[in-house]
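# Descriptive analysis of the structure
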Amino acid sequence: LAKTTQPISMDSYEGQEVNITCSHNNIATNDYITWYQQFPSQGPRFIIQGYKTKVTNEVASLFIPADRKSSTLSLPRVSLSDTAVYYCLAPSGNTPLVFGKGTRLSVIA
Amino acid sequence: DAGITQSPRHKVTETGTPVTLRCHQTENHRYMYWYRQDPGHGLRLIHYSYGVKDTDKGEVSDGYSVSRSKTEDFLLTLESATSSQTSVYFCAISESVGPSYEQYFGPGTRLTVT
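Below you will find a few notes about this structure. The structure displayed is predicted, hence computed values, not measured ones.

## Overview of the side chain of glutamine 38 of chain A
Here glutamine 38 of chain A is to be found in strand S3 (residues 33-38). Classification of glutamine 38 of chain A as buried rests on a relative accessible area of 6%. Reaching out from glutamine 38 of chain A, the side chain makes a polar contact with the backbone oxygen of glutamine 42 of chain A at a distance of 2.8 Å. Apart from residues no more than four positions distant in its own chain, glutamine 38 of chain A is found in contact with Gly43, Pro44, Ala84, Val85 and Tyr87 of chain A together with Gln37, Leu43 and Phe90 of chain B.

Right under this line is the structure:
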């Protein structure tokens with residue numbers, strides 16, 4: 001199971017682009033990089049997943065370099081409602097997801 | 001949203017009493033999970049199930065037991081609640097496991113043990 005490391009917290013002003021980088025040096029060949037978002041008083045929810053290069057959806061973009069040892073979640077023009085904890089995971093094999101402490105993003109007006 | 005409900009949503013109980021939390025799903029997913037979330041620790045897996053009557057331990061299983069007699073229900077039991085089990089408990093489900101699967105989470109149960 002790949003261990004992931006991400007910053008504990010980040011602050012940003014409204015309207016800015018936020019990039020959260022996650023390192024996963026021992027990611028396995030078949031592992032996907034997956035990000036979850038958790039708002040206060042709610043359970044986490046899946047936001048994006050990728051294997052390599054770039055993935056974009058209506059919520060975020062995910063950039064994965066060729067060596068796949070790190071990935072960057074990009075949130076364009078954040079608003080106050082993007083204040084949440086963001087978890088980077090690399091699920092492996094038939095094991096349950098292991099969530100770390102995540103990155104606590106605070107968006108300031 | 002995935003059809004996952006948890007009951008009760010809030011509970012206050014005394015040390016030493018048994019407590020059972022229920023997770024109910026309407027998605028017919030094979031896998032079900034119980035996590036606890038505490039400040040400073042993030043989400044930690046307690047137990048999970050990979051089918052009816054098939055369960056396994058997670059990283060913080062001591063003091064907890066689970067049962068799954070039907071696909072749709074996964075019960076978490078604290079045989080004798082302790083103050084250290086005060087936490088928010090989340091149930092999750094998934095259709096499969098593997099390198100690219102997605103988990104869906106319930107709304108959580110806030111348990112306070114006094």
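More follows now that the structure is in view.
## Digging into the interface of chain B and chain A
In this assembly, 21 residues from chain B lie in contact with 22 residues from chain A. Of the roughly 1700 Å² buried between chain B and chain A on both sides combined, carbon and sulfur atoms contribute 55%. Three residues stand out in chain B for area buried against chain A, namely Leu43, Pro99 and Tyr101 of chain B, and they jointly supply 32% of the buried area on that side. Where chain B packs against chain A, one counts three residue pairs in polar contact (both at pLDDT 80 or more). Contributions of two or more residues to the side of chain B that touches chain A are made by strand S4 (31-38) and strand S5 (42-51) of chain B. Among the elements that line the side of chain B that touches chain A, the one with the most residues is S5 of chain B, at four residues. Residue composition of the side of chain B that touches chain A, by class: eleven nonpolar, eight polar and two charged.

## Some points on the sheet that holds S3 of chain A
Residue and element names in this part refer to chain A. Pairing is mixed across the open sheet formed by five strands, whose spatial order is S1-S9-S8-S3-S4. Lying at the two open borders of the sheet, with one neighbouring strand each, are strand S1 (9-13) and strand S4 (45-50). Direction aside, the axes of adjacent strands within the sheet are offset by 25° on average. Pairing analysis gives five bridges linking S3 to strand S8 (residues 84-89), with the strands arranged antiparallel.

The rules behind these values
- Residues numbered from 1 in each chain as written.
- Chains lettered and ligands numbered in written order.
- Predicted model: local features only at pLDDT ≥ 70, side-chain atom pairs only at ≥ 80, totals over all residues.
- Heavy atoms only, no water.
- Helix = DSSP H or I, 4+ residues; strand = E, 2+ residues; numbered from the N terminus.
- Buried < 20%, exposed > 50% of the residue type's maximum accessible area, 1.4 Å probe, protein only.
- Polar contact = N/O pair within 3.5 Å; in protein donor to acceptor, adjacent residues only side chain to side chain.
- Contact = heavy atoms within 4.5 Å.
- Buried area = accessible area lost by both parts, 1.4 Å probe.
- Nonpolar A, V, L, I, M, F, W, Y, C, P; charged D, E, K, R; others polar.
- Pairing = 2+ DSSP bridges.
- Axes fitted to C-alpha atoms, helices over the stretch in contact; angles between N-to-C directions.

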